[in-house]
Amino acid sequence: MQLKPINQQVVAVVGASSGIGREAALQFARRGAKVVVAARGELKLKSLVEEIRNFGGEATHIVADVQVFEQVKAIADRAVEVYGRLDTWVHVPAIGLFATFDNTTPEEFKHVIDVNLMGQVYGAMAALPHLKREGRGALIHISSMEGRRSLPYQSAYSAAKHGVEGFLEAMRIELIHEKWPISVTSIKPAVINTPFWNNGLTKLGVKPSGIPPYYDPKIVADAILYAAEHPIRDLLVGDVAKLLDLAQKISPSLVDSLLLAIGFNLQRSNEPKSEDAPNNFYQPVPEDSRVDGDYRHLVIPSITDALGKLPIFQWGTGALLMLLAIQAFQQNE
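This is a predicted model, so every value here is computed, not measured.

Structural notes on the sheet that holds strand 4 (residues 88-91)
Strands sit in the order 3-2-1-4-6-7-10 across an open sheet of seven strands; the sheet is parallel. In this open sheet, the two edge strands, each paired with only one partner strand, are strand 3 (58-63) and strand 10 (234-237). Pairwise comparison of adjacent strand axes, ignoring direction, gives a mean angle of 15° for this sheet. Pairing of strand 7 (residues 182-189) with strand 10, which is carried by four bridges, proceeds in the parallel orientation. The residue bridging Pro 189 from the neighbouring strand is Val 237, located in strand 10. Running at roughly 170° to strand 6 (residues 137-142), helix 4 (residues 106-134) makes contact with strand 4, strand 6 and strand 7 of the sheet. Relative to strand 10, helix 8 (residues 239-250) is tilted by about 115°, and along the sheet it contacts strand 7 and strand 10.

Okay, structure coming up:
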(Lines give C-alpha, C1' and ligand atoms only; values in the text may rest on other atoms or scores of the structure.)
Protein backbone atom coordinates (compact mmCIF):
# COMPACT_ATOMS: atom_id res chain seq x y z
CA MET A 1 0.00 0.00 0.00
CA GLN A 2 1.41 3.37 -1.03
CA LEU A 3 0.16 6.73 0.21
CA LYS A 4 0.75 10.06 -1.49
CA PRO A 5 3.48 12.43 -0.29
CA ILE A 6 2.03 15.01 2.08
CA ASN A 7 2.65 17.87 -0.36
CA GLN A 8 0.26 16.15 -2.80
CA GLN A 9 -2.50 15.50 -0.27
CA VAL A 10 -5.83 17.03 0.67
CA VAL A 11 -6.20 16.52 4.41
CA ALA A 12 -9.20 17.00 6.69
CA VAL A 13 -8.27 17.67 10.32
CA VAL A 14 -11.28 17.40 12.61
CA GLY A 15 -10.84 19.00 16.02
CA ALA A 16 -8.31 21.52 14.73
CA SER A 17 -9.15 24.57 16.82
CA SER A 18 -6.57 23.87 19.57
CA GLY A 19 -4.17 21.31 20.95
CA ILE A 20 -3.02 18.33 18.88
CA GLY A 21 -5.42 19.05 16.01
CA ARG A 22 -4.26 22.62 15.58
CA GLU A 23 -0.59 21.63 15.62
CA ALA A 24 -1.22 18.83 13.11
CA ALA A 25 -3.07 21.18 10.75
CA LEU A 26 -0.21 23.66 10.89
CA GLN A 27 2.36 20.95 10.19
CA PHE A 28 0.38 19.56 7.26
CA ALA A 29 0.06 23.04 5.75
CA ARG A 30 3.77 23.78 6.23
CA ARG A 31 4.55 20.54 4.39
CA GLY A 32 2.43 21.64 1.44
CA ALA A 33 -0.86 19.81 1.99
CA LYS A 34 -4.19 21.47 1.29
CA VAL A 35 -6.02 21.43 4.61
CA VAL A 36 -9.67 21.48 5.62
CA VAL A 37 -10.00 22.27 9.32
CA ALA A 38 -13.12 21.65 11.39
CA ALA A 39 -14.27 22.15 14.97
CA ARG A 40 -17.15 23.69 16.91
CA GLY A 41 -15.57 27.13 17.40
CA GLU A 42 -15.60 29.31 14.28
CA LEU A 43 -13.41 32.12 15.59
CA LYS A 44 -10.62 29.70 16.48
CA LEU A 45 -10.88 28.06 13.06
CA LYS A 46 -10.69 31.43 11.32
CA SER A 47 -7.54 32.32 13.27
CA LEU A 48 -6.00 28.99 12.25
CA VAL A 49 -6.80 29.47 8.57
CA GLU A 50 -5.38 32.99 8.74
CA GLU A 51 -2.18 31.66 10.36
CA ILE A 52 -1.81 29.04 7.63
CA ARG A 53 -2.42 31.50 4.82
CA ASN A 54 0.06 33.95 6.34
CA PHE A 55 2.90 31.49 5.75
CA GLY A 56 1.67 30.64 2.27
CA GLY A 57 -0.33 27.52 3.03
CA GLU A 58 -3.75 26.54 1.67
CA ALA A 59 -6.63 26.00 4.07
CA THR A 60 -10.36 26.36 4.46
CA HIS A 61 -12.59 25.83 7.49
CA ILE A 62 -16.01 24.45 8.31
CA VAL A 63 -17.85 24.49 11.63
CA ALA A 64 -19.05 21.06 12.71
CA ASP A 65 -20.20 19.21 15.81
CA VAL A 66 -19.02 15.61 15.59
CA GLN A 67 -22.13 14.37 17.40
CA VAL A 68 -24.13 15.07 14.22
CA PHE A 69 -23.34 12.79 11.28
CA GLU A 70 -24.58 15.25 8.64
CA GLN A 71 -22.19 17.90 9.97
CA VAL A 72 -19.28 15.44 9.90
CA LYS A 73 -20.19 14.37 6.38
CA ALA A 74 -20.16 18.03 5.39
CA ILE A 75 -16.45 18.21 6.31
CA ALA A 76 -15.55 15.51 3.79
CA ASP A 77 -17.86 17.03 1.22
CA ARG A 78 -16.21 20.42 1.75
CA ALA A 79 -12.79 18.95 0.97
CA VAL A 80 -14.08 17.59 -2.34
CA GLU A 81 -15.95 20.81 -3.12
CA VAL A 82 -12.94 23.08 -2.53
CA TYR A 83 -9.98 20.88 -3.47
CA GLY A 84 -11.50 18.14 -5.62
CA ARG A 85 -10.79 15.11 -3.42
CA LEU A 86 -9.90 13.80 0.03
CA ASP A 87 -6.70 11.84 0.72
CA THR A 88 -6.34 11.75 4.51
CA TRP A 89 -8.82 12.07 7.36
CA VAL A 90 -7.48 12.96 10.82
CA HIS A 91 -9.99 12.68 13.66
CA VAL A 92 -8.97 14.27 16.96
CA PRO A 93 -11.95 15.65 19.00
CA ALA A 94 -12.48 14.46 22.55
CA ILE A 95 -14.03 15.94 25.67
CA GLY A 96 -13.05 15.15 29.23
CA LEU A 97 -15.17 14.38 32.28
CA PHE A 98 -13.27 13.93 35.55
CA ALA A 99 -15.45 12.22 38.15
CA THR A 100 -15.91 8.88 39.83
CA PHE A 101 -18.25 6.54 37.98
CA ASP A 102 -20.94 6.80 40.67
CA ASN A 103 -20.79 10.60 40.46
CA THR A 104 -21.40 10.55 36.70
CA THR A 105 -24.93 10.92 35.36
CA PRO A 106 -26.25 8.71 32.54
CA GLU A 107 -26.60 11.82 30.37
CA GLU A 108 -22.97 12.84 30.97
CA PHE A 109 -21.64 9.36 30.23
CA LYS A 110 -23.67 9.18 27.02
CA HIS A 111 -22.47 12.62 25.95
CA VAL A 112 -18.83 11.52 26.24
CA ILE A 113 -19.62 8.43 24.16
CA ASP A 114 -21.45 10.54 21.57
CA VAL A 115 -18.45 12.85 21.09
CA ASN A 116 -15.46 10.61 21.75
CA LEU A 117 -16.69 7.38 20.16
CA MET A 118 -19.62 8.11 17.84
CA GLY A 119 -17.81 11.19 16.52
CA GLN A 120 -14.93 8.95 15.47
CA VAL A 121 -17.37 6.46 13.91
CA TYR A 122 -19.08 9.24 11.98
CA GLY A 123 -15.70 10.51 10.78
CA ALA A 124 -14.75 7.16 9.29
CA MET A 125 -18.22 6.76 7.75
CA ALA A 126 -17.99 10.21 6.16
CA ALA A 127 -14.45 9.87 4.84
CA LEU A 128 -14.43 6.28 3.61
CA PRO A 129 -16.55 6.73 0.45
CA HIS A 130 -14.25 9.53 -0.71
CA LEU A 131 -11.10 7.51 -0.02
CA LYS A 132 -12.54 4.57 -1.92
CA ARG A 133 -13.34 6.88 -4.83
CA GLU A 134 -9.69 7.96 -4.90
CA GLY A 135 -8.57 4.33 -4.69
CA ARG A 136 -6.32 4.90 -1.66
CA GLY A 137 -5.91 7.06 1.40
CA ALA A 138 -5.50 7.16 5.16
CA LEU A 139 -7.86 7.19 8.12
CA ILE A 140 -5.99 8.43 11.18
CA HIS A 141 -7.85 8.29 14.49
CA ILE A 142 -6.54 9.77 17.72
CA SER A 143 -7.30 7.25 20.42
CA SER A 144 -5.40 7.16 23.72
CA MET A 145 -3.31 4.89 25.90
CA GLU A 146 -6.65 4.68 27.76
CA GLY A 147 -7.83 2.57 24.83
CA ARG A 148 -5.49 -0.07 26.26
CA ARG A 149 -5.79 0.68 29.99
CA SER A 150 -8.58 2.60 31.75
CA LEU A 151 -7.82 5.17 34.42
CA PRO A 152 -9.78 6.20 37.53
CA TYR A 153 -11.91 9.35 37.28
CA GLN A 154 -12.21 8.77 33.51
CA SER A 155 -14.60 5.83 33.08
CA ALA A 156 -16.58 7.41 30.22
CA TYR A 157 -13.47 8.61 28.36
CA SER A 158 -11.79 5.21 28.74
CA ALA A 159 -14.93 3.40 27.59
CA ALA A 160 -15.06 5.57 24.47
CA LYS A 161 -11.41 4.96 23.64
CA HIS A 162 -11.82 1.20 24.05
CA GLY A 163 -14.75 1.48 21.65
CA VAL A 164 -12.61 3.34 19.12
CA GLU A 165 -10.09 0.49 19.15
CA GLY A 166 -12.91 -2.04 18.63
CA PHE A 167 -14.50 -0.49 15.57
CA LEU A 168 -11.15 0.37 13.95
CA GLU A 169 -9.99 -3.24 14.20
CA ALA A 170 -13.18 -4.52 12.57
CA MET A 171 -13.14 -1.89 9.83
CA ARG A 172 -9.45 -2.41 9.11
CA ILE A 173 -9.77 -6.14 8.54
CA GLU A 174 -12.84 -5.62 6.35
CA LEU A 175 -10.90 -3.20 4.14
CA ILE A 176 -8.01 -5.65 3.89
CA HIS A 177 -10.42 -8.45 3.00
CA GLU A 178 -11.95 -6.30 0.25
CA LYS A 179 -8.44 -5.33 -0.94
CA TRP A 180 -8.88 -1.59 -0.48
CA PRO A 181 -5.49 0.18 -0.18
CA ILE A 182 -6.71 2.37 2.68
CA SER A 183 -4.55 2.67 5.77
CA VAL A 184 -6.29 2.70 9.17
CA THR A 185 -4.14 4.01 12.01
CA SER A 186 -4.88 4.33 15.71
CA ILE A 187 -2.61 6.80 17.47
CA LYS A 188 -2.52 6.31 21.22
CA PRO A 189 -0.81 9.18 23.04
CA ALA A 190 0.32 9.20 26.64
CA VAL A 191 -0.41 12.34 28.70
CA ILE A 192 -0.02 15.35 26.40
CA ASN A 193 0.27 18.98 27.48
CA THR A 194 -2.76 20.42 25.69
CA PRO A 195 -5.71 22.53 26.93
CA PHE A 196 -7.64 19.26 27.42
CA TRP A 197 -6.89 19.42 31.16
CA ASN A 198 -7.95 23.06 31.39
CA ASN A 199 -11.21 22.58 29.53
CA GLY A 200 -12.61 19.34 30.92
CA LEU A 201 -15.66 19.17 33.15
CA THR A 202 -14.44 18.34 36.65
CA LYS A 203 -16.33 17.07 39.68
CA LEU A 204 -13.14 16.69 41.70
CA GLY A 205 -13.25 20.19 43.19
CA VAL A 206 -9.92 21.00 41.52
CA LYS A 207 -8.56 21.42 38.02
CA PRO A 208 -7.71 17.95 36.74
CA SER A 209 -4.21 16.90 35.85
CA GLY A 210 -2.80 14.09 33.79
CA ILE A 211 -0.58 11.58 35.54
CA PRO A 212 2.88 12.98 34.77
CA PRO A 213 5.11 13.03 32.85
CA TYR A 214 3.60 15.06 30.04
CA TYR A 215 4.70 15.13 26.41
CA ASP A 216 4.70 17.91 23.83
CA PRO A 217 1.72 17.99 21.41
CA LYS A 218 4.22 18.26 18.57
CA ILE A 219 5.25 14.61 18.95
CA VAL A 220 1.64 13.52 18.40
CA ALA A 221 1.41 15.76 15.34
CA ASP A 222 4.66 14.20 14.09
CA ALA A 223 3.08 10.75 14.48
CA ILE A 224 -0.01 11.90 12.55
CA LEU A 225 2.07 13.18 9.65
CA TYR A 226 4.10 9.98 9.63
CA ALA A 227 0.90 7.90 9.42
CA ALA A 228 -0.33 10.06 6.55
CA GLU A 229 2.57 8.86 4.40
CA HIS A 230 3.36 5.44 5.91
CA PRO A 231 0.64 2.82 6.42
CA ILE A 232 0.88 1.73 10.04
CA ARG A 233 -1.59 0.05 12.35
CA ASP A 234 -0.81 1.60 15.73
CA LEU A 235 1.43 4.32 17.09
CA LEU A 236 1.86 4.62 20.84
CA VAL A 237 3.16 8.14 21.44
CA GLY A 238 5.29 8.86 24.49
CA ASP A 239 7.53 6.42 26.35
CA VAL A 240 5.02 6.00 29.18
CA ALA A 241 2.29 4.88 26.76
CA LYS A 242 4.53 2.03 25.60
CA LEU A 243 5.50 1.09 29.16
CA LEU A 244 1.89 1.12 30.33
CA ASP A 245 0.82 -0.99 27.36
CA LEU A 246 3.52 -3.54 28.10
CA ALA A 247 2.73 -3.62 31.82
CA GLN A 248 -0.98 -4.09 31.13
CA LYS A 249 -0.25 -7.06 28.86
CA ILE A 250 2.05 -8.69 31.41
CA SER A 251 0.11 -8.02 34.61
CA PRO A 252 -3.10 -5.96 34.82
CA SER A 253 -3.07 -6.43 38.60
CA LEU A 254 0.36 -4.79 38.75
CA VAL A 255 -1.08 -1.78 36.91
CA ASP A 256 -4.00 -1.80 39.38
CA SER A 257 -1.49 -1.50 42.23
CA LEU A 258 0.35 1.30 40.47
CA LEU A 259 -2.84 3.26 39.86
CA LEU A 260 -3.97 2.77 43.45
CA ALA A 261 -0.68 4.30 44.53
CA ILE A 262 -0.55 7.28 42.16
CA GLY A 263 -3.60 7.36 39.89
CA PHE A 264 -5.90 9.32 42.18
CA ASN A 265 -3.72 12.00 43.78
CA LEU A 266 -1.77 12.79 40.62
CA GLN A 267 -4.93 13.54 38.64
CA ARG A 268 -5.82 16.31 41.07
CA SER A 269 -3.99 19.63 40.82
CA ASN A 270 -3.78 22.10 43.69
CA GLU A 271 -5.91 24.65 41.81
CA PRO A 272 -9.54 24.81 42.98
CA LYS A 273 -12.12 24.49 40.20
CA SER A 274 -15.86 24.08 40.52
CA GLU A 275 -18.16 21.99 38.38
CA ASP A 276 -19.70 25.24 37.11
CA ALA A 277 -16.37 26.73 35.96
CA PRO A 278 -15.94 27.31 32.19
CA ASN A 279 -15.38 24.07 30.29
CA ASN A 280 -15.88 22.67 26.79
CA PHE A 281 -18.11 19.75 27.73
CA TYR A 282 -21.17 21.09 25.96
CA GLN A 283 -19.89 24.23 24.26
CA PRO A 284 -16.43 25.27 23.00
CA VAL A 285 -14.32 27.65 25.06
CA PRO A 286 -14.19 30.57 22.60
CA GLU A 287 -10.87 32.14 23.55
CA ASP A 288 -8.72 29.05 24.03
CA SER A 289 -6.97 28.29 20.74
CA ARG A 290 -3.64 27.28 22.25
CA VAL A 291 -1.66 24.22 21.25
CA ASP A 292 -0.02 23.85 24.67
CA GLY A 293 -1.68 23.54 28.06
CA ASP A 294 -0.58 24.68 31.51
CA TYR A 295 1.83 21.85 32.37
CA ARG A 296 4.84 22.76 30.26
CA HIS A 297 7.07 22.46 33.32
CA LEU A 298 6.27 18.74 33.48
CA VAL A 299 6.95 18.03 29.79
CA ILE A 300 9.76 15.61 28.99
CA PRO A 301 11.14 14.28 25.69
CA SER A 302 10.14 10.85 24.41
CA ILE A 303 13.06 8.60 23.51
CA THR A 304 11.26 5.73 21.80
CA ASP A 305 8.95 7.54 19.38
CA ALA A 306 11.40 7.66 16.48
CA LEU A 307 12.21 3.96 16.98
CA GLY A 308 8.52 3.07 17.11
CA LYS A 309 8.13 4.11 13.47
CA LEU A 310 10.71 1.56 12.32
CA PRO A 311 9.26 -1.79 11.16
CA ILE A 312 12.08 -3.75 12.78
CA PHE A 313 11.29 -2.17 16.14
CA GLN A 314 7.58 -2.93 15.74
CA TRP A 315 8.30 -6.58 14.97
CA GLY A 316 10.80 -6.77 17.81
CA THR A 317 8.32 -5.38 20.31
CA GLY A 318 5.64 -7.81 19.13
CA ALA A 319 8.00 -10.76 19.46
CA LEU A 320 9.05 -9.67 22.95
CA LEU A 321 5.44 -9.34 24.08
CA MET A 322 4.59 -12.76 22.65
CA LEU A 323 7.48 -14.40 24.50
CA LEU A 324 6.46 -12.72 27.75
CA ALA A 325 2.85 -13.84 27.28
CA ILE A 326 3.92 -17.44 26.62
CA GLN A 327 6.14 -17.38 29.69
CA ALA A 328 3.32 -16.01 31.86
CA PHE A 329 0.92 -18.68 30.52
CA GLN A 330 3.38 -21.47 31.26
CA GLN A 331 3.91 -20.21 34.81
CA ASN A 332 0.16 -20.20 35.44
CA GLU A 333 -0.36 -23.79 34.26
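What about the packing of helix 1 (residues 19-30) against helix 2 (residues 42-54)?
Geometrically, a packed helix pair is captured by the angle between its two axes and the distance between the axes. Where helix 1 meets helix 2, the axes come as close as 10 Å, and the angle between the chain directions of the two elements is 25°. Between helix 1 and helix 2, the interaxial angle falls into the category roughly parallel. With respect to the hand of their crossing, helix 1 and helix 2 are arranged in right-handed fashion. On the side of helix 1, the interface is formed by Arg 22, Ala 25, Leu 26, Ala 29 and Arg 30, while helix 2 contributes Lys 44, Ser 47, Leu 48, Glu 51 and Ile 52. Residue composition of the contact of helix 1 with helix 2, by class: five nonpolar, one polar and four charged.

Topic: helix 3 (residues 69-83)
With 15 residues, helix 3 should reach 21 Å at 1.5 Å per residue; the first-to-last C-alpha distance of 21 Å fits that figure. Considered for burial, the residues of helix 3 that qualify are Val 72, Ile 75, Ala 76, Ala 79 and Tyr 83. The inward-facing, buried residues of helix 3 contact strand 1 (10-14), strand 2 (34-39), strand 3, strand 4 and helix 4.

Points about the nonpolar core
Phe 28, Val 35, Ile 187 and Ile 224 are the most contacted members of the largest nonpolar core, which totals 59 residues. Ranked by size, the runner-up nonpolar core spans 41 residues in total, among them Ala 12, Val 66, Val 115 and Ala 127.

Things to note about empty space enclosed by the protein
Any space left empty among the atoms is revealed by the rolling of a water-sized probe across them. The full count for this structure, using the stated rule, is two cavities of 30 Å³ or more. What the largest cavity holds in volume is close to 820 Å³. Contributing to the lining of the largest cavity are 47 residues, with Val 92, Pro 93, Ala 94, Ile 95 and Phe 196 lying nearest its centre. Sorting the residues of the lining of the largest cavity by element identifies helix 1, strand 2, helix 4, helix 5 (155-177) and helix 6 (196-199) as the ones contributing at least two each. With three residues, helix 6 is the largest single contributor of residues to the lining of the largest cavity. Taken together, the residues that form the lining of the largest cavity break down as 26 nonpolar, 15 polar and six charged. Approximately 40 Å³ is the volume attributed to the second largest cavity. Leu 3, Lys 4, Gln 9, Asp 87, Thr 88, Arg 136, Gly 137, Ala 138 and Ala 228 together form the lining of the second largest cavity. Broken down by class, the residue content of the lining of the second largest cavity amounts to three nonpolar, three polar and three charged.

Side note on the layout of surface pockets
Roughly 250 Å³ of volume is contained in the second largest pocket. In terms of lining residues, the second largest pocket is bounded by 15 residues, among which Val 240, Leu 244, Leu 258, Leu 259 and Ile 262 are the most central. Breaking the lining of the second largest pocket down by element, the ones donating at least two residues are helix 8 and helix 9 (252-262). With five residues, helix 9 is the single largest residue contributor to the lining of the second largest pocket. Looking at the lining of the second largest pocket residue by residue, the classes come out as 15 nonpolar, no polar and no charged.

Here we look at the side chain of Asp 87
If you trace the backbone, Asp 87 turns up in the loop between helix 3 and strand 4. Exposure remark for Asp 87: the relative accessible area of 4% places this residue in the buried category. Each residue touching Asp 87, except ones within four places of it in the same chain, is listed here: Lys 4, Gln 8, Gln 9, Val 10, Leu 131, Glu 134, Gly 137 and Ala 138.

Focus on the pairing of strand 2
Across the six residues that make up strand 2, a large majority, five, are buried. Here five bridges tie strand 1 to strand 2, and the two strands are oriented parallel to one another. Bridge assignment links Val 11 to a residue of strand 2, and that residue is Val 35. In this view, the connection linking strand 1 to its parallel neighbour strand 2 by way of helix 1 has right-handed handedness. Alignment of strand 2 against strand 3, held across six bridges, turns out to be parallel. Residue pairing across strands places Lys 34 opposite Glu 58, the latter belonging to strand 3. This β-α-β element, strand 2 to helix 2 to strand 3, shows right-handed connectivity.

The rules behind each value
- Residues numbered from 1 in each chain as written.
- Predicted model: local features only at pLDDT ≥ 70, side-chain atom pairs only at ≥ 80, totals over all residues.
- Heavy atoms only, no water.
- Pairing = 2+ DSSP bridges.
- Helix = DSSP H or I, 4+ residues; strand = E, 2+ residues; numbered from the N terminus.
- Axes fitted to C-alpha atoms, helices over the stretch in contact; angles between N-to-C directions.
- Contact = heavy atoms within 4.5 Å.
- Parallel < 35°, antiparallel > 145°, perpendicular 65-115°, else oblique.
- Left-handed = near helix turned anticlockwise from the far one by under 90°.
- Nonpolar A, V, L, I, M, F, W, Y, C, P; charged D, E, K, R; others polar.
- Expected span 1.5 Å × (residues − 1).
- Buried < 20%, exposed > 50% of the residue type's maximum accessible area, 1.4 Å probe, protein only.
- Core = buried A, V, L, I, M, F, W, Y, C linked by side-chain atoms within 4.5 Å.
- 1 Å grid on protein atoms, 1.4 Å probe; cavity = no way out; pocket = protein on both sides within 12 Å on 5 of 7 lines; lining within 4 Å.
- Points joined across faces, edges and corners; volume = space filled by probe spheres on them.
- Right-handed = clockwise from strand over helix to strand, strands pointing away.

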